[in-house]
Amino acid sequence: MTDYATLLKESGLKATFQRMNILEVIEKSGHMSVEEIYKEVARVHPSLSLATIYKNIILMMSKGVLVEVPIAGKKSKYELAKVDHMHLICTECGEVEDRSCLESTDKILHDLSEQEHFKLSKRQINLYGVCEKCQVQEAS
């Protein structure tokens with residue numbers, strides 16, 4: 001389990017109960033929309049508003065604690081910042097799975113960056129398709 005207080009302090013943020021609870025909820029699920037985060041946080045802290053959740057998510061994104069995962073045609077999801085990786089995003093159910101970048105992917109990105117004289121500082125690769133569970137349901 002992540003030490004949320006240390007993570008926030010190292011990012012220059014106060015370790016408030018709201019922020020720590022938001023991080024805990026996101027880490028448990030991996031990827032969540034703001035509404036999903038709010039629903040879970042409100043169970044423990046019913047007095048928190050949706051606006052407070054939004055404000056804290058935006059602030060934690062600006063400090064590099066959280067990362068937005070844009071979902072084509074749907075609401076973005078958020079995750080704790082971690083090493084660069086790919087997302088497999090199901091266009092049917094909206095599930096997001098993390099996958100490590102492959103050596104071949106790294107080479108392609110490095111070669112492209114070099115060819116374009118582009119200094120790559122961060123990457124986010126989102127692959128869209130239908131997950132195995134939804135494929136099985138479609139076949140039934």
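Residues numbered from 1 in each chain as written. Predicted model: local features only at pLDDT ≥ 70, side-chain atom pairs only at ≥ 80, totals over all residues. Heavy atoms only, no water.

Enquirer: A description of the overall build of the chain should follow, citing residues and the corresponding values.
Expert: Along the chain, the regular secondary structure elements total six helices and five strands. Going residue by residue from the N terminus, the α and β elements of the chain occur as α-α-α-α-β-β-β-β-α-β-α. The burial tally for the chain puts 36% of its 140 residues in the buried class. In the chain, the share of contacts with a sequence separation of at least 24, taken over all contacts with a separation of at least 6, comes to 46%. The averaged location of the 21 negative side-chain charges in the chain is 9 Å from the averaged location of its 18 positive side-chain charges. (Helix = DSSP H or I, 4+ residues; strand = E, 2+ residues; numbered from the N terminus. Buried < 20%, exposed > 50% of the residue type's maximum accessible area, 1.4 Å probe, protein only. Contact = heavy atoms within 4.5 Å. Lys, Arg positive; Asp, Glu negative; His and termini not counted. Charge placed at Lys NZ, Arg CZ, Asp CG, Glu CD.)

Enquirer: Please give an account of the sheet that holds strand 3 (residues 86-90) that cites residues and values.
Expert: The mixed open sheet is built from three strands, whose spatial order is 4-3-5. Each edge of the open sheet is held by one strand with a lone partner, namely strand 4 (96-99) and strand 5 (125-129). Neighbour to neighbour, the strand axes of the sheet diverge by 25° on average, direction disregarded. Looking at chain direction, strand 3 and strand 4 are connected through four bridges and run antiparallel. (Pairing = 2+ DSSP bridges. Axes fitted to C-alpha atoms, helices over the stretch in contact; angles between N-to-C directions.)

Enquirer: Pulling in residues and values, what's your account of the nonpolar core?
Expert: Counting 19 residues, the largest nonpolar core has Ile22, Leu23, Ile26, Ile37, Ile53, Ile57 and Met60 as its most contacted members. Residue assignment for this core shows that the elements contributing at least two residues are helix 1 (4-10), helix 2 (17-29), helix 3 (34-44), helix 4 (50-62) and strand 2 (77-80). For this core, the leading source of residues is helix 2, giving four residues. Other than its neighbours up to four places away in sequence, Met60 contacts Leu8, Leu13, Arg19, Ile22, Leu23, Val65 and Leu66. (Core = buried A, V, L, I, M, F, W, Y, C linked by side-chain atoms within 4.5 Å.)

Enquirer: So what about unusual backbone geometry? Which residues, and what values?
Expert: Phi at His117 is positive, roughly 55°, even though this residue is not glycine. Relative to the helices and strands, His117 is located in the loop between helix 5 (103-115) and strand 5.

Enquirer: So, the packing of helix 2 against helix 3: which residues are in play, and what are the values?
Expert: With their axes 10 Å apart at the nearest point, helix 2 and helix 3 run at an angle of 125° to one another. Judged by the angle between their axes, helix 2 and helix 3 are oblique. Crossing of helix 2 against helix 3: the hand is right-handed. Facing Asn21, Ile22, Val25 and Ile26 of helix 2, the residues of helix 3 in contact are Ile37, Glu40, Val41 and Val44. For the contact of helix 2 with helix 3, a count of residues per class yields six nonpolar, one polar and one charged. (Parallel < 35°, antiparallel > 145°, perpendicular 65-115°, else oblique. Left-handed = near helix turned anticlockwise from the far one by under 90°. Nonpolar A, V, L, I, M, F, W, Y, C, P; charged D, E, K, R; others polar.)

These figures come from the coordinates and say nothing about function on their own.
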